[in-house]
Amino acid sequence: MHELWGIGMRVDNEQTYLDLLADVMANGEKRGDRTGVGTLSVFGRQARYSIQPFPAVTTKRLFFRGVKEELLWMLAGGTNVRPLQERGVHIWDHWADEDGELGPVYGAQWRKWPGPVPEEGFYDQVSALVHSIQESPESRRHMLSAWNVSDLWLMRLAPCHVLAQFHVRQGRFLDCQMYQRSADLFLGVPFNIAQYALLTSMLAQVTGYEPGDLIHTMGDAHIYLNHLTQVDEQLSRTPCTPPELWLAPEVTRIDDYTVNDIWLQDYECWPKIEAPVAV
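Described in the following lines is the structure provided in the data block. (Residues numbered from 1 in each chain as written. Predicted model: local features only at pLDDT ≥ 70, side-chain atom pairs only at ≥ 80, totals over all residues. Heavy atoms only, no water.)

### Side note on helix α1 (residues 13–27)
- The first and last C-alpha atoms of α1 sit 21 Å apart over 15 residues, in line with the 21 Å expected at 1.5 Å per residue.
- The complete set of buried residues in α1 reads Asn 13, Glu 14, Thr 16, Tyr 17, Leu 18, Leu 20, Leu 21, Asp 23 and Val 24.
- Structurally, α1 contributes buried residues whose contacts are with β2 (39–50), α6 (188–207), β8 (210–224) and α7 (228–235). (Helix = DSSP H or I, 4+ residues; strand = E, 2+ residues; numbered from the N terminus. Expected span 1.5 Å × (residues − 1). Buried < 20%, exposed > 50% of the residue type's maximum accessible area, 1.4 Å probe, protein only. Contact = heavy atoms within 4.5 Å.)

### Focus: the pairing of strand β6 (residues 161–169)
- Here 3 bridges tie strand β5 (residues 143–145) to β6, and the two strands are oriented antiparallel to one another. When the bridges of β6 are listed, Leu 144 appears paired with Ala 164.
- Taken together, the 8 bridges between β6 and strand β7 (residues 173–184) define a ladder with antiparallel strand orientation. When the bridges of β7 are listed, Leu 163 appears paired with Tyr 179. (Pairing = 2+ DSSP bridges.)

### Structural notes on the sheet that holds β8
- Ordered by their spatial adjacency, 6 strands build an open sheet running β1-β2-β8-β7-β6-β5, and the pairing between neighbours is mixed. Every other strand in the sheet has two partners, leaving β1 (29–31) and β5 as the edge strands with one partner each. Taken over all neighbouring pairs, the strand axes of this sheet differ in orientation by 20° on average, direction set aside.
- As paired strands, β1 and β2 are joined by 3 bridges and run antiparallel to one another. Looking at the pairing, Arg 31 lines up with Thr 39 of β2. (Axes fitted to C-alpha atoms, helices over the stretch in contact; angles between N-to-C directions.)

### Here we look at the packing of aromatic side chains
- One pass over the structure, following the stated rule, counts 4 aromatic pairs.
- Here the aromatic rings of Phe 54 and Phe 64 are separated by 5.9 Å at their centres, their planes lie at 80°, and the arrangement is edge-to-face. Linking Phe 54 in the loop between β2 and α2 (64–75) with Phe 64 in helix α2, this pair joins segments that are 10 residues apart in sequence.
- Phe 64 gets classed as buried once you look at its relative accessible area, which sits at 8%.
- Members of the aromatic cluster, each reached through a chain of ring pairs, are Trp 73, Trp 92, Trp 95 and Tyr 106. (Phe/Tyr/Trp six-rings, centres within 6.5 Å; stacked < 30°, edge-to-face > 60°.)

### Describing the pairing of β7
- Burial runs high along β7: 9 of the 12 residues are buried.
- Linking β6 to β7, which pair antiparallel, is a turn of 3 residues; within it Gln 170 sits at a positive phi near 60°.
- What joins β7 to β8 is α6, and the crossover it makes is right-handed. (Right-handed = clockwise from strand over helix to strand, strands pointing away.)

### Quick look at the nonpolar core
- In this structure, Trp 110, Phe 166, Leu 198 and Met 202 are the most contacted members of the largest nonpolar core, which totals 77 residues.
- Excluding its chain neighbours within four sequence positions, the residues that come into contact with Leu 198 are Phe 54, Phe 64, Val 67, Lys 68, Leu 71, Leu 245, Leu 247 and Ile 262. (Core = buried A, V, L, I, M, F, W, Y, C linked by side-chain atoms within 4.5 Å.)

### As for the packing of α2 against α6
- Where α2 meets α6, the closest approach of the two axes is 10 Å, and the angle between their N-to-C directions is 55°. Taken together, the axes of α2 and α6 are oblique relative to one another. Relative to α6, the crossing made by α2 is right-handed. Seen from α2, the contacting residues are Phe 64, Gly 66, Val 67, Lys 68, Glu 70, Leu 71, Leu 72, Met 74 and Leu 75; seen from α6, they are Phe 191, Ala 194, Gln 195, Leu 198, Leu 199 and Met 202.
- Taken together, the residues that form the contact of α2 with α6 break down as 11 nonpolar, 2 polar and 2 charged. (Parallel < 35°, antiparallel > 145°, perpendicular 65-115°, else oblique. Left-handed = near helix turned anticlockwise from the far one by under 90°. Nonpolar A, V, L, I, M, F, W, Y, C, P; charged D, E, K, R; others polar.)

Dropping the structure here:
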């Protein structure tokens, strides 16, 4: 029998996520939080997902267009919400200032991490990551970080998914382990799982590997108190057959992907479950 959360082994992707929801519903501690909504929370969980087939939830509709739009925006170094809004993606609206600015959030840290002397330029983590995977596949330094302590005070929202490490396994597969300090299990985590599975798939394609596994390590894993009814509804649903991810095979550079190069094939799912965002 599989162990809970699939540590070190392959399990059914969606059931792994549903088991995590059920665990927090049963064992979570009621806690206050920054938003004032309150949560059921546990600390320290890990889940392992196979990236093929793609780990998109099917017990409610995943906003996959938003997943790929936001990821491409971050990969382009984006920190202003206007380009997302123009594409009908409003996931950052609550935190942006009147000019649409968010401060040096993910895109800035991924592509323009400040150097020790500002006038001497920035460090492009994504380009360095691609080069590292290609040139030193057995390295233990395939890292991507968004938690820049010196910039936190400038960010409208501190990063939730803060660190990813990539690993070439058996000379064939590219795996990713992502650490998330704060994990909103109902609304945010399905989005986070899909986004890092997508990022790993894109990196695998441009570096010559196959997508492997996504290991999702969480600090505070929680369900907001105004999401409990919605979680009960989701847990009552039977998962559908998982979809497959399609990436345009001609793309060979991480910066060349467009939204039309990324699609979910045969995505069947239950209807969307509405829930408020805690701000």
